[in-house]
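Reading the structure
Each chain, written out:
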Amino acid sequence: TVTTPTGHKYEGVRFEKGNCGVSIMRSGEAMEQGLRDCCRSIRIGKILIQSDEETQRAKVYYAKFPPDIYRRKVLLMYPILSTGNTVIEAVKVLVEHGVQPSVIILLSLFSTPHGAKSIIQEFPEITILTTEVHPVAPTHFGQKYFGTD
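Reading the values: the criteria
Here the residue numbering is sequential within each chain, running from 1 through the sequence in written order. Predicted model: local features are reported for residues with pLDDT of at least 70 only, side-chain atom pairs are reported and counted for 80 or more only, and whole-chain, interface and lining totals are derived from all residues. Where side-chain values are given, they derive from all heavy atoms of the structure, hydrogens and water being excluded. UniProt positions are given in the numbering used here, feature names are shortened, and annotations may be inferred rather than shown by experiment. Only DSSP runs of H or I with at least four residues qualify as helices, and only runs of E with at least two residues qualify as strands; both kinds are numbered from the N terminus onward. Here the term buried applies to any residue with accessible area under 20% of the maximum for its type, exposed to any over 50%, and partly exposed to those in between, with areas from a 1.4 Å probe on protein chains only. The contact criterion used throughout is that any non-hydrogen atoms of two residues lie within 4.5 Å. Think of a polar contact as two N or O atoms within 3.5 Å of one another; within protein, one of them needs to be a possible hydrogen donor and the other a possible acceptor, and neighboring residues in sequence only count if both atoms come from side chains. Residues enter a nonpolar core if they are buried and are Ala, Val, Leu, Ile, Met, Phe, Trp, Tyr or Cys, with the set joined through side-chain atoms within 4.5 Å. One speaks of a salt bridge when a side-chain nitrogen belonging to Lys or Arg is within 4 Å of a carboxyl oxygen belonging to Asp or Glu.

In the annotation of an unreviewed UniProt entry, the entry for the protein chain reads Uracil phosphoribosyltransferase homolog, and the organism field reads Bubo bubo. Recorded under Sequence similarities (unreviewed entry), the UniProt text for the protein chain is reproduced unchanged: "Belongs to the UPRTase family."

Quick look at the structure:
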């Protein structure tokens, strides 16, 4: 059990056979190695979501998951949560593949209050784990991590 700086207690997740990771490309891929270091044989799926240039809405371009993802607990990796739109679209795709929101744990490094609230309003059963909540999220994490800025 971990007590957070805000005083909340969190029981954590025990490694169990059947957990899997899903990274939201590209920035979520930066979290894959850390997950593999903890859970060496974990299956990892990927989903690519980008903003449509005309409508500015999040659009799914690619999704590949373990075939039995609907039976797994899903660790959804997305390091910078700003508006929440990308994560909401990713969760919708997971739900379309039979995953219950109650078994999805969003792993994020930085979150805005607005983004977290947007996700919880849409999917109240999801768990969000983040290291920091701040009104302004860092930008261009993926470009800086991959050295393409």
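On to the environment of Arg 72, then. Looking at the element boundaries, Arg 72 is found in the loop between strand E5 (58-64) and strand E6 (73-77). Take Arg 72: its relative accessible area is 12%, and that puts it in the buried class. Between the alpha carbons of Arg 72 and Ala 116 there is a distance of 23 Å; along the sequence they are 44 residues apart. Sequence-distant contacts of Arg 72, that is, excluding residues within four places in its chain, are made with Gly 18, Asn 19, Cys 20, Arg 43, Pro 66 and Val 103. A polar side-chain atom of Arg 72 sits 3.4 Å from the main-chain carbonyl oxygen of Asn 19. In terms of polar contacts, Arg 72 uses its side chain to reach the side chain of Asp 68, at 2.8 Å.

Inspection of the secondary structure puts Glu 89 in helix H2 (residues 85-96). Residue Glu 89 is classed as buried on the basis of its relative accessible area of 17%. Contact partners of Glu 89, with chain neighbours within four places excluded, come to Ile 49 and Ala 58.

Moving on, we come to the nonpolar core. With 24 residues, the main nonpolar core has Leu 76, Val 87 and Leu 94 as its most contacted residues. Those elements that place two or more of their residues in this core are strand E3 (19-25), strand E4 (43-51), E6, H2 and strand E8 (104-111). In terms of residue count, H2 provides more of this core than any other element does, six residues in total. If we skip the residues at most four places from it in the chain, Val 87 touches Ile 24, Leu 76, Tyr 78, Leu 81, Leu 106 and Ile 119. Among the nonpolar cores identified, the runner-up in size contains eight residues, and Ile 42, Ile 44, Leu 75 and Met 77 belong to it.

Turning next to the pattern of salt bridges. With the rule as written, the count across this model stands at five salt bridges. The partner of Lys 46 in a salt bridge is Glu 29, with the nearest N and O atoms 3.0 Å apart. Of this pair, Lys 46 sits in strand E4 while Glu 29 sits in the loop between E3 and helix H1 (32-38), and the two are 17 residues apart along the sequence. On the basis of relative accessibility, which here comes to 23%, the residue Glu 29 falls in the partly exposed class. Within the structure, one salt-bridge network assembled from shared partners comprises Glu 29, Glu 32 and Lys 46.

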